[in-house]
Amino acid sequence: MQGFTFPGIRTRVVFGSGTLARVGAEVEALGRSRALVLSTPPQAESAAALAKDLGALSAGTFTGAAMHTPLDVTEAAMEAYRSTGADCVVSYGGGSTIGLGKAIATRTGADHVAIPTTYAGSEMTDILGETVDGEKTTRRDASIRPETVIYDVDTTLTLPVEMTVTSSLNAISHGIEALYAEDRNPILSQMAVEAMRVFKRSLHRVTEDPQDRAARTDVLYGAWLCSTALGYVSMALHHKLAHVIGGSFGMPHAETHAILLPHTTGFNAAATQDLLAPVAEIFGGSVGGGLWDFAKGAGAPLRLRDLGLSEADMDRAAEIATRAPYPNPRPFDRSDIRTLLQAAWEGTRPQ
Ligand code: NAD
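All residue numbers refer to position in the chain's written sequence, counted from 1. For a predicted model such as this one, the threshold for reporting local features is a pLDDT of at least 70, and the threshold for listing and counting side-chain atom pairs is 80 or more; totals across whole chains, interfaces and linings nevertheless cover every residue.

S.K.: Mind showing me how you'd approach the UniProt feature "domain: Alcohol dehydrogenase iron-type/glycerol dehydrogenase GldA" (unreviewed entry) in the protein here?
M.R.: Look at the UniProt record and you will see "domain: Alcohol dehydrogenase iron-type/glycerol dehydrogenase GldA" (unreviewed entry) annotated at residues 11-152. Taken as a whole, residues 11-152 contains 32% helix and 30% strand, while its terminal C-alpha atoms sit 16 Å from one another. UniProt positions are given in the numbering used here, feature names are shortened, and annotations may be inferred rather than shown by experiment. Where helices and strands are cited, they refer to DSSP runs of H or I of at least four residues and of E of at least two residues respectively, numbered from the N terminus.

S.K.: Whenever I open this one, the domain arrangement of the protein confuses me. Can you help?
M.R.: Much of the literature gives interface size as the accessible area that the parts lose upon coming together. Domains are outlined according to an automatic or database domain assignment. By domain assignment, the protein separates into domain 1 (12-156) and domain 2 (161-346). Here the C-alpha centre of domain 2 lies 25 Å away from the C-alpha centre of domain 1. Here the contact rule is simple: place C-beta atoms from the backbone, and any two residues whose C-beta atoms are within 7 Å are in contact. Taken residue by residue, the interface counts 19 residues in domain 1 and 22 residues in domain 2. Gly falls in the polar group here, along with every residue not listed as nonpolar (Ala, Val, Leu, Ile, Met, Phe, Trp, Tyr, Cys, Pro) or charged (Asp, Glu, Lys, Arg). When the residues that make up the side of domain 1 that touches domain 2 are grouped by side-chain class, the tally is eight nonpolar, eight polar and three charged.

S.K.: Explain the site of the ligand to me, please; I cannot follow it from the model alone.
M.R.: The rule is simple: place the C-beta atom from the backbone, and if it lies within 6 Å of a molecule or strand, the residue is near it. Around the ligand, the surrounding shell holds 29 residues, and the nearest of these are Gly94, Gly95, Ser96, Ala120 and Ser122. Of all the elements in the fold, those that place two or more residues in the shell around the ligand are α4 (95-108), β6 (127-132), α5 (161-180) and α9 (253-269). Broken down by element, the shell around the ligand gets its largest block of residues, four residues, from α4.

S.K.: Teacher, can you tell me more about the sheet that holds strand β1 (residues 12-16) here?
M.R.: Pairing between the strands of a sheet is mediated by backbone hydrogen bonds and can be parallel or antiparallel. In spatial order, the strands read β1-β8-β5-β4-β2-β3; together these six strands make up an open sheet with parallel pairing. Here the strands that pair on one side only, and so sit at the sheet edges, are β1 and β3 (58-62). Neighbouring strand axes in the sheet, compared pairwise and without regard to direction, differ in orientation by 15° on average. Two strands qualify as a pair provided that DSSP identifies no fewer than 2 bridges between them. Note: strand β2 (residues 35-38) against strand β4 (residues 88-93), four bridges, orientation parallel. In the strand pairing of β4, leucine 38 is matched with serine 91. Axis definition: a line fit to C-alpha positions, over the contact stretch in the case of helices; interaxial angles, taken between N-to-C directions, run 0 to 180 degrees.

S.K.: Help me understand the packing of α5 against helix α6 (residues 186-208) in this model?
M.R.: At a minimum axis distance of 9 Å, the contact between α5 and α6 shows a crossing angle of 160°. With respect to α6, the axis of α5 lies roughly antiparallel. The two elements α5 and α6 cross, and the hand of that crossing is left-handed. Along the contact surface, α5 presents Val161, Thr164, Val165, Ser168, Ile172, Gly175, Ala178 and Leu179, while α6 presents Leu188, Ser189, Ala192, Ala195, Met196, Phe199, Leu203, Val206 and Thr207. When the residues that make up the contact of α5 with α6 are grouped by side-chain class, the tally is 12 nonpolar, five polar and no charged. Here roughly perpendicular refers to angles of 65 to 115 degrees, roughly parallel to angles under 35, roughly antiparallel to angles over 145, and oblique to all remaining angles. Should the near helix be turned anticlockwise from the far one by less than a right angle, the crossing is left-handed, and should it be turned clockwise, the crossing is right-handed.

The structure is reproduced here in structure tokens:
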């Protein structure tokens, strides 16, 4: 084993069913008394219900969160934060809403209680991606990490099956890149492997019955494990490519991750057989092939072309993704990435 630094896990986590009832107590435990509740427009009703439950602890709602944290939305939310006299934010939703909570927290010093309702995994991280004039930039900073995360499995029962599958593969991608991260450590690696076992065991039970609370609990637990891994180690080729395709071509976040994952993992497996051995053991077959079979079996999208990406877009994506160097266990050049993207575009099974 190589030497390592374990940075600790800094976020307080409340996990279970019915835990939404604990939001007020968690706000008070932070010494705060006026929470602005955030959501996307489709989750506005749930945000309003949560604000109502919070009673005097609620400063109101802002329900305009949008994918990739556009600056104009953040500015409107900041105005709501100031005008309501809020002293903390409660984000109720997926990565888009949690991103907005982070954007407010890092600008104001507000405490942030995050309630994730997808498996994307923003909640445990110090990472924020923001979009200005269509350009997405990502940064890491301690002020971005939420103070408290409340997982309530009941909030995930409404997550549509397609999103459940793609969001789970998005979560698994964090776990996989944690296994070969250059700053990996054995605690997070164990969490990542445990998460993959959980997804393998329980994702199909959720797709068969989305109301299966026990299976949903398992999957949400896997999402927490993967979010924690994402929050404390560096990501590599997979996240870079997903960021380029999502950010520069407007492709949907979870689907893009889901389609790329077997291909990026298969590519890196050539240099990390030992580190990725648990992935092959859990999903079966070769690393990339086993993940592709798992994704197909769960009903995930398999082809970038189905998201509307053109072959010319992929030339550009390969060029953007190889412009600046970043750590990855297997060296690559533009033509390697173009070949990988072609396979993901056509949806072929990695060997
Ligand atoms: P999302 O937050 O955009 O949610 C997608 C849609 O699903 C929204 O309309 C939302 O209202 C709806 N939804 C969410 N939960 C639901 C539920 N339980 N029931 C019914 N509908 C529900 O999508 P996402 O994939 O969770 O997040 C993607 C965004 O998060 C991207 O911008 C990505 O960059 C960011 N992200 C950031 C990090 C980080 O660490 N900074 C990590 C992961 C993702």
